[in-house]
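For reference, the chains in residue letters:
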Amino acid sequence: MTVALSGQEIADKLDKQFPGGIVESSQDSLVVNSEFLLMVATFLKDTPDLDFNYLTAITAVDYYDYFEVVYRLTSMEHNHSLVVKTRCYERANPTLPSVVSLWRGADFQEREIYDLMGISFDGHPNLKRLFLWQGFKGHPLRRDYW
Amino acid sequence: MAIKTEPFVLNLGPVHPSTHGVFRMRTTLDGEVVVDMEPVFGYLHRGIEKLAEERTYTGVIPLTDRLDYLASMSNNLAYVLAVEKLAGTTVPERAEYLRVIMAELQRIASHLIAVGAFLNDCGAFMTPILYMIREREKILDLFDMVCGQRLTYNYMRVGGVSHDIPDEFLPALDKFVRRMPGFIDEYDRLLEKNEILLVRAKGVGILPKELAINISAGGPVLRGSGVKWDIRKADPYSVYDRFEFDIPTGTVGDCYDRYRVRIEEMRQSVRIIKQAMEQLPLGAVKSEVPHLIRPPVGEAYAHIEAPKGELGFYLVSDNSIAPYRCAIRAPSLINLTALRDMVRGWKVADAIATFGSIDICMGEVDR
């Protein structure tokens, strides 16, 4: 059984390492300040007893006030998982750091989020629309798109 | 005088026999060698995630049929598991077993097409795939019996399955599982030591283990590279923890390994179905679920080992009758991340074989 690690416990650990990096945490997940995202992700990937070598999925959710991007991490070695979230409060031109440098599995998924949700990823090697054509107006998965 | 050459761009697809749907590989060629390749998606994009936000929770199930349309039962299963997690619904034992039987039959059906189409791409034109379609037909007949459909089953429901199986189903299934291992042996005799297959598939399109993990590959693509990772064992869902089966893995991660993993997985699926038939309890096949499901505010993620890899549904509920967000982790799309690395430096014909060995379904890639 894949053990879902407690967001709270990991958040306590991370808070010592990155003061101010954790916005909130619960049993299921933890929310990272987007400026710390890449550092936290690197820490989660490279710490031996965490060892999150497998990025299961990335998705984004539009909550009107902010966009939430959800990173689902798994360690195949320890068979445990963790949900890391980050928020983006800007609506006109939301930007987050890209994690492609850590997990290349993020490549198409970040492009998909850029295409359908309109969030740019800084540092992505080839950020362009994935499904819709260049020149398409708007981002259909936003809740206010009709 | 030396002949001056320069690379040129060749579009393979969007409509091309090797693309298994509408998919474009924008290749840069130096003679016959692939120098660069860029996949172009979106020809089958129907906005299923957006459509789901407008449907009731039950109304999304037919949409999931149209994701990976070669494995609709698996898609149904992943989705209803996510809703059940979100709404806290219990499922009767008999329904759990029926779900496992359907999911494993679906895995065999999907792998048959995967292997057949791969051999088609390798140049064994039509003969192997027709053998495999012969067996897949038997599985479609079984599905037809339980839900009246041959492709888009819409069979699973939140809290169970839509109908109990008819009386003639179990004898027909028994006949199928007794004959299927013999058919798989037949493929082996035909193909395992086939000189042409070995030359076309061994050492071609190698995906190293580290890269496979780094690109989040799943299913036979990941296991072909030698990673022993199967959601059915790593994070058992439904009643998979009650069955004995092995996880076949490859060693080098070439096209041949992925082909072998699929063949072995079919044998394991038959094993699971046999055990599930023996243990199949009597009783209800669907628990009491309101017509309009209103899960509490929250979110849930459920994942299964679909034939093509880890298929996950991430649902967010705002306590209304429709999902606030329905995000799909599509294995076919993510498995293509490394395609560029796998085909660069190979000839066009090898690139096509490599692409075929990944086994994708455009309905799931483009959604």
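Our structure's up above, just so we're on the same page.
Rules used throughout
Residues numbered from 1 in each chain as written. Chains lettered and ligands numbered in written order. Predicted model: local features only at pLDDT ≥ 70, side-chain atom pairs only at ≥ 80, totals over all residues. Helix = DSSP H or I, 4+ residues; strand = E, 2+ residues; numbered from the N terminus. Rg over C-alpha atoms; globule rule 2.2 N^0.38 Å. Buried ≥ 20, exposed ≤ 12 C-beta atoms within 10 Å, placed from the backbone. Contact = placed C-beta atoms within 7 Å. Nonpolar A, V, L, I, M, F, W, Y, C, P; charged D, E, K, R; others polar. Pairing = 2+ DSSP bridges. Axes fitted to C-alpha atoms, helices over the stretch in contact; angles between N-to-C directions. Core = buried A, V, L, I, M, F, W, Y, C linked by C-beta atoms within 7 Å. Parallel < 35°, antiparallel > 145°, perpendicular 65-115°, else oblique. Left-handed = near helix turned anticlockwise from the far one by under 90°. Expected span 1.5 Å × (residues − 1).

## Observations concerning the overall build of chain B
Alright, step 1. Counting secondary structure elements, chain B contains 15 helices and 8 strands.
Alright, step 2. Taken over the C-alpha trace, chain B has a radius of gyration of 21 Å; the compact-globule value for 367 residues is 21 Å, and the two agree within 12%.
Alright, step 3. C-alpha atoms of chain B, sized along the principal axes, occupy 80 × 45 × 35 Å.
Alright, step 4. The buried share of chain B, reckoned over its 367 residues, is 53%.
Alright, step 5. The contacts in chain B between residues at least 6 apart in sequence include a share of 70% that link residues at least 24 apart.

## Structural notes on the overall build of chain A
Alright, step 1. Counting its regular elements, chain A contains 3 helices and 8 strands.
Alright, step 2. Moving toward the C terminus, one meets the helices and strands of chain A in the order β-α-β-β-α-β-β-β-β-α-β.
Alright, step 3. Relative to a compact globule of 146 residues, whose C-alpha radius of gyration would be 15 Å, chain A shows 15 Å and is just as compact.
Alright, step 4. With respect to the three principal axes, the spread of C-alpha positions in chain A is 45 × 30 × 25 Å.
Alright, step 5. Within chain A, the proportion of its 146 residues that are buried is 44%.
Alright, step 6. Restricting the contact set of chain A to residue pairs at least 6 apart, pairs at least 24 apart contribute 43%.

## A short note on the interface of chain A and chain B
Alright, step 1. Between chain A and chain B, the contact holds 23 residues from the first and 27 residues from the second.
Alright, step 2. Of all the secondary-structure elements, those providing two or more residues to the side of chain A that touches chain B are strand S4 (54-62), strand S5 (67-75) and helix H3 (106-117) of chain A.
Alright, step 3. A per-element tally of the side of chain A that touches chain B places S4 of chain A first, with 6 residues.
Alright, step 4. Class assignment of the residues belonging to the side of chain A that touches chain B gives a composition of 14 nonpolar, 6 polar and 3 charged.

## Structural notes on the sheet that holds strand S1 (residues 8-12) of chain B
Residue and element names in this part refer to chain B.
Alright, step 1. The 3 strands are arranged S1-S2-S3 in an open sheet whose pairing can be described as antiparallel. Either end of the sheet is taken by a strand with one partner, and the two such strands are S1 and strand S3 (33-40). Across the sheet, the mean angle separating the axes of adjacent strands is 25° when strand polarity is ignored.
Alright, step 2. Examined bridge by bridge, strand S2 (residues 24-30) and S3 share 7 bridges and lie antiparallel to one another. From the neighbouring strand, Met25 faces S3, where its bridge partner is Pro39.

## Notes on the pairing of S5 of chain A
Residues and elements named next belong to chain A.
Alright, step 1. The buried fraction of S5 is high, at 8 of 9 residues.
Alright, step 2. With 8 bridges joining them, S4 and S5 adopt antiparallel strand pairing. Each bridged residue has a counterpart across the sheet, and for Asp62 the counterpart in S5 is Phe67.
Alright, step 3. Turn length for the S4-S5 hairpin, with the two strands adjacent in sequence and antiparallel, is 4 residues, and the turn residue Tyr64 shows positive phi of about 65°.
Alright, step 4. Note: S5 against strand S6 (residues 80-88), 9 bridges, orientation antiparallel.

## Comments concerning the nonpolar core
Alright, step 1. In this structure, Val69 and Ile119 of chain A together with Ala78, Ala82, Val83 and Phe313 of chain B are the most contacted members of the largest nonpolar core, which totals 153 residues.
Alright, step 2. Among the elements that make up this core, the one with the highest residue count is helix H4 (residues 93-122) of chain B (17 residues).

## What to know about the packing of H4 of chain B against helix H11 (residues 255-279) of chain B
Residues and elements named next belong to chain B.
Alright, step 1. Two elements in contact, H4 and H11, have axes whose closest approach is 9 Å; the angle formed by their N-to-C orientations is 160°. Comparing their axes, H11 and H4 come out roughly antiparallel. Crossing of H4 over H11 shows left-handed handedness. Two secondary-structure elements touch here, H4 through Tyr97, Val100, Ile101, Glu104, Leu105, Arg107, Ile108, His111, Ala114, Val115 and Phe118 and H11 through Tyr259, Arg262, Ile263, Glu265, Met266, Ser269, Ile272, Ile273, Ala276 and Gln279.

## Details of the environment of Arg325 of chain B
Alright, step 1. The topology assignment puts Arg325 of chain B in strand S8 (residues 325-329).
Alright, step 2. Measuring from C-alpha to C-alpha, the distance between Arg325 of chain B and Ile272 of chain B comes to 34 Å, with 53 residues separating the pair along the chain.
Alright, step 3. Once residues within four sequence positions are removed from consideration, Arg325 of chain B is found in contact with Val61 of chain A together with Glu53 and Val316 of chain B.

## Focus: H3 of chain A
Alright, step 1. The end-to-end C-alpha distance of H3 of chain A is 15 Å, a good match for the 16 Å that 12 residues give at a rise of 1.5 Å each.
Alright, step 2. With respect to burial, H3 of chain A is a largely interior element, 12 of its 12 residues being buried.
Alright, step 3. When H3 of chain A is considered as a whole, its buried residues turn out to be Ala106, Asp107, Phe108, Gln109, Glu110, Arg111, Glu112, Ile113, Tyr114, Asp115, Leu116 and Met117 of chain A.
Alright, step 4. On the buried face of H3 of chain A, the contacting elements are S4, S5 and strand S8 (120-122) of chain A together with helix H12 (331-335) of chain B.
Alright, step 5. Where H3 of chain A ends, the next residue or the one after it, Gly118 of chain A, has phi of about 75°, a positive value.

## Here's the deal with unusual backbone geometry
Alright, step 1. Its identity as a non-glycine residue notwithstanding, Asp51 of chain A has a phi of 50°, on the positive side.
Alright, step 2. Inspection of the secondary structure assignment puts Asp51 of chain A in the loop between helix H2 (37-46) and S4.
Alright, step 3. The phi dihedral of Asn154 of chain B falls on the positive side, at around 50°, and the residue is not glycine.
Alright, step 4. Along the chain, Asn154 of chain B falls in the loop between helix H5 (127-147) and strand S4 (156-157).
Alright, step 5. Look at Asn154 of chain B and you get partly exposed, because 18 C-beta atoms sit within 10 Å.

## Digging into the sheet that holds strand S6 (residues 298-306) of chain B
All names here are of chain B.
Alright, step 1. The strand order across the open sheet built from 3 strands is S6-S7-S8, with neighbouring strands paired in antiparallel fashion. Either end of the sheet is taken by a strand with one partner, and the two such strands are S6 and S8. Geometrically, the sheet is characterised by an average inter-axis angle of 15° between neighbouring strands, direction not taken into account.
Alright, step 2. For strand S7 (residues 309-317) and S8, the ladder comprises 5 bridges, and the chain directions are antiparallel. Bridge pairing links Phe313 to Ile328 in S8.

## Here we look at the packing of helix H6 (residues 169-191) of chain B against H11 of chain B
Residue and element names in this part refer to chain B.
Alright, step 1. Relative orientation of the contacting elements H6 and H11 amounts to 160°, with a least axis distance of 10 Å. Between H6 and H11, the angle falls in the class roughly antiparallel. Here the hand of the crossing between H6 and H11 comes out left-handed. Residues Leu170, Leu173, Asp174, Val177, Met180, Pro181, Ile184, Tyr187 and Asp188 of H6 form the contact with H11, whose own contacting residues are Ile263, Met266, Arg267, Val270, Ile273, Lys274 and Met277.
Alright, step 2. Counted by class, the contact of H6 with H11 contains 12 nonpolar, no polar and 4 charged residues.

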